[in-house]
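Fold and geometry: a report
Here are the chains, one letter per residue:
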Amino acid sequence: MNELFQRAARMGALLDDSALQRDVEHLLSAGQERTSPHRDSDDRFRVSPELNLDSRSPLSFRDSSAERHPKRFLGTYQSFREVLRNPSRYSVAHVEATTRLVSAAAFPAFPIKDRKLTIGSSAFWKERLLAAQPQLASAAESVGCILRSERNTVRPLGTAWLLLPSVIVTNRHVASLFCNIKDQRLSFAPGSPETVWLDGREQINDSLSAPPFQSQRSAAVVEVLHIDKSYDVALLRIDGAATTAWCQAEPIQLAHALPTPLKDHEVAVIGYPDYQRNVLGTVPHEFTDEEYQRIVGVLTESFMPNQGRKLVQPGLLTELVRRGREPQLQILRHSCSTLGGNSGSVVLDLSSGKALGIHYASPDWLQDSEAVPAPVLCELLTRLRLDEHH
């Protein structure tokens, strides 16, 4: 619960930015239009009166009646700011829903089309992402989706990116879907009906019904180089000779050290989030179906139109923590809005264009996402002596 309140407080601080205020209001109006069952005389969607709160009285829903009906607070920017600045005064349902909604506006997702970033309506991120456009475009060329073909079906497993020539990095839990972790090898034999490959196209939906390797942006996964026992990391070799596109792609450079100060450093995750696999996590039981749909409508504004696309998901680094017994694991936390399918995505430094980590966990919209720090990957390459051969 303390972590939820901390994230809520960060959201409240971000709401002081006037550009983000506009983004929040835009997203809320879009969510209202997508979900409200009420229509006015000219047949345009309007907000149900029940979902509005008098902006002059942002505290008016603290009474017991309002506590039983969280929908009364879902309407205005003023109530968002009040809840997030003083989260301990409100019910968990209030804080959870408010944090989800503001997170969607603060940390949206933008598609890459024709090797260019489509930023959309976000005023808060527009200047930042335009300045980082060259770094983002270059890194995006080295990011692909891992696809698996078996019994005439193709499904996406996660994201991977080019770490060295013909060497990609993804998560251990992604590799476990087609690798024997104990034996450190592929779980299928070459030439078998099952095939796993990396597809670097901006839109992979077409790949799900097409034969593998139809695109020059596809390359077969041919060897397991290393699956780590401590960190959620796997190194795989792809058939780089099979495609000129992956031969020409530049590996993403690793940062040997994390930025100082780390907190609030601007980054972006690049990957293939799967909207259908996980959107919200657990929705508080206090919300009715109508209220749930309202939240869903707002949160999917960033993701649903871009299902199956390679997305840039900007955010901020929040902290570096250590977990577990000796040797303790280093965990890099960030605020990028990530979903299932982002597993294995690069966490890119917007200023340098280098990788600061590999994303592996998206606990919920209510918690920071987690990544393996880039210095850990550097140490791994040195230990395996892979950096000596490339």
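Summarised in this report is the structure supplied together with it. Since the structure is predicted, the reported quantities are computational estimates derived from the model, not experimental observations. (Residues numbered from 1 in each chain as written. Predicted model: local features only at pLDDT ≥ 70, side-chain atom pairs only at ≥ 80, totals over all residues. Heavy atoms only, no water.)

A closer look at the pairing of strand 13 (residues 329–334)
Rules: Here's how the labels work: a residue is buried when its accessible area is under 20% of the maximum for its type, exposed when over 50%, partly exposed in between, all with a 1.4 Å probe on protein chains only. Helix numbering and strand numbering both begin at the N terminus, where a helix is a DSSP run of H or I of at least 4 residues and a strand a DSSP run of E of at least 2. Two strands qualify as a pair provided that DSSP identifies no fewer than 2 bridges between them.
Where burial is concerned, most of strand 13 is hidden: five out of the six residues are buried. Direction of pairing for strand 12 (residues 311–323) relative to strand 13: antiparallel, over a ladder of six bridges. Bridge pairing in strand 13 links Leu320 to Leu332. Where strand 13 and strand 16 (residues 369–373) come together, three bridges link them in antiparallel fashion. Residue pairing in the sheet places Leu332 in a bridge with Ala371 of strand 16.

Overview of the environment of Ser362
Using the following cut-off: Contacts are assigned to residue pairs that have any heavy atoms within 4.5 Å of one another. Whenever a nitrogen or oxygen atom comes within 3.5 Å of another N or O atom, the pair is scored as a polar contact, on the condition that within protein one atom can donate a hydrogen and the other can accept it, and that pairs from neighbouring residues in sequence are kept only if both atoms are in side chains.
The topology assignment puts Ser362 in the loop between strand 15 (355–361) and strand 16. Remark: the alpha-carbon pair of Ser362 and Gly340, spanning 22 residues in sequence, is separated by 7.3 Å. Excluding residues within four positions of it along the chain, Ser362 makes contact with Thr338, Leu339 and Ser369. In terms of polar contacts, Ser362 uses its side chain to reach the side chain of Thr338, at 2.6 Å. At 3.0 Å, the side chain of Ser362 forms a polar contact with the side chain of His359.

Points about unusual backbone geometry
Excluding glycine, residues mostly have negative phi values, and the peptide bonds linking residues are mostly trans. Here the residue pair Thr260 and Pro261 is connected by a cis peptide bond, since its omega of -5 degrees sits within 30 degrees of zero. Along the chain, the position of Pro261 falls in the loop between helix 9 (244–248) and strand 11 (266–271). Its identity as a non-glycine residue notwithstanding, Arg115 has a phi of 65 degrees, on the positive side. Of note, Arg115 is situated in the loop between strand 1 (110–113) and strand 2 (116–117). Within the chain, Arg385 stands out as a residue other than glycine whose phi angle is a positive 60 degrees. As for its placement among the helices and strands, Arg385 is situated in the segment after helix 11 (374–384). Residue Arg385 is classed as exposed on the basis of its relative accessible area, which comes to 53%.

As for helix 5 (residues 92–106)
How we decide: For a helix, the expected span equals 1.5 Å multiplied by the residue count minus one.
Taking 1.5 Å as the rise per residue, helix 5 with 15 residues should run 21 Å; its terminal C-alpha atoms sit 21 Å apart, in good agreement. Among the 15 residues in helix 5, 14 count as buried, and that is most of the element.

Brief notes about the pattern of salt bridges
What counts here: Each reported salt bridge corresponds to a side-chain nitrogen of Lys or Arg within 4 Å of a carboxyl oxygen of Asp or Glu.
Across all of its chains, the model carries nine salt bridges by this definition. Between Arg115 and Glu141 there is a salt bridge; the shortest N-O distance is 3.6 Å. On the criterion of sequence distance, the pair formed by Arg115 in the loop between strand 1 and strand 2 and Glu141 in the loop between helix 7 (133–140) and strand 3 (143–150) is long-range, its members being 26 residues apart. Residue Arg115 is classed as exposed on the basis of its relative accessible area of 58%. Residues Arg237 and Glu223 are paired through a salt bridge, measuring 3.1 Å at the closest nitrogen-oxygen approach. Here Arg237 is found in strand 10 (residues 234–238), whereas its partner Glu223 is found in strand 9 (residues 218–227), with 14 residues between them in sequence. Here Arg237 falls in the partly exposed class, since its relative accessible area comes to 24%. A residue is classified by how much of its surface remains accessible, and Glu223, at 35% relative accessible area, is partly exposed.

So, the side chain of Asp232
The cut-off we apply is this: Positive charge is attributed to Lys and Arg, negative charge to Asp and Glu, and no charge count is given to His or to the chain ends.
As for its placement among the helices and strands, Asp232 is situated in the loop between strand 9 and strand 10. Arg172 is the oppositely charged side chain nearest to the buried, salt-bridge-free Asp232, at an N-O distance of 4.4 Å. From its side chain, Asp232 meets the backbone nitrogen of Arg172 in a polar contact 2.7 Å long. Sequence-distant contacts of Asp232, that is, excluding residues within four places in its chain, are made with Thr170, Asn171, Arg172, His173, Tyr360 and Val372.

What to know about the packing of helix 6 (residues 123–131) against helix 7
Keep this limit in mind: Note on method: axes are straight lines fitted to C-alpha atoms, helices fitted across the in-contact stretch only, with angles between N-to-C directions ranging 0 to 180 degrees. Each angle receives one of four descriptions, namely roughly parallel if under 35 degrees, roughly antiparallel if over 145, roughly perpendicular if within 65 to 115, and oblique otherwise. Note on residue classes: Ala, Val, Leu, Ile, Met, Phe, Trp, Tyr, Cys and Pro are nonpolar, Asp, Glu, Lys and Arg are charged, and everything else, Gly too, is polar.
Where helix 6 meets helix 7, the closest approach of the two axes is 4 Å, and the angle between their N-to-C directions is 70 degrees. Considering their axes alone, helix 6 and helix 7 lie roughly perpendicular with respect to each other. Contacts between helix 6 and helix 7 involve Leu129, Leu130 and Ala131 from the former and Gln133, Pro134, Gln135 and Leu136 from the latter. When grouped by side-chain class, the residues that make up the contact of helix 6 with helix 7 number five nonpolar, two polar and no charged.

Some details on the side chain of Ser337
The topology assignment puts Ser337 in the loop between strand 13 and strand 14 (346–349). Looking at Ser337, its side chain comes within polar contact range of the main-chain oxygen of Phe107, at 2.5 Å.

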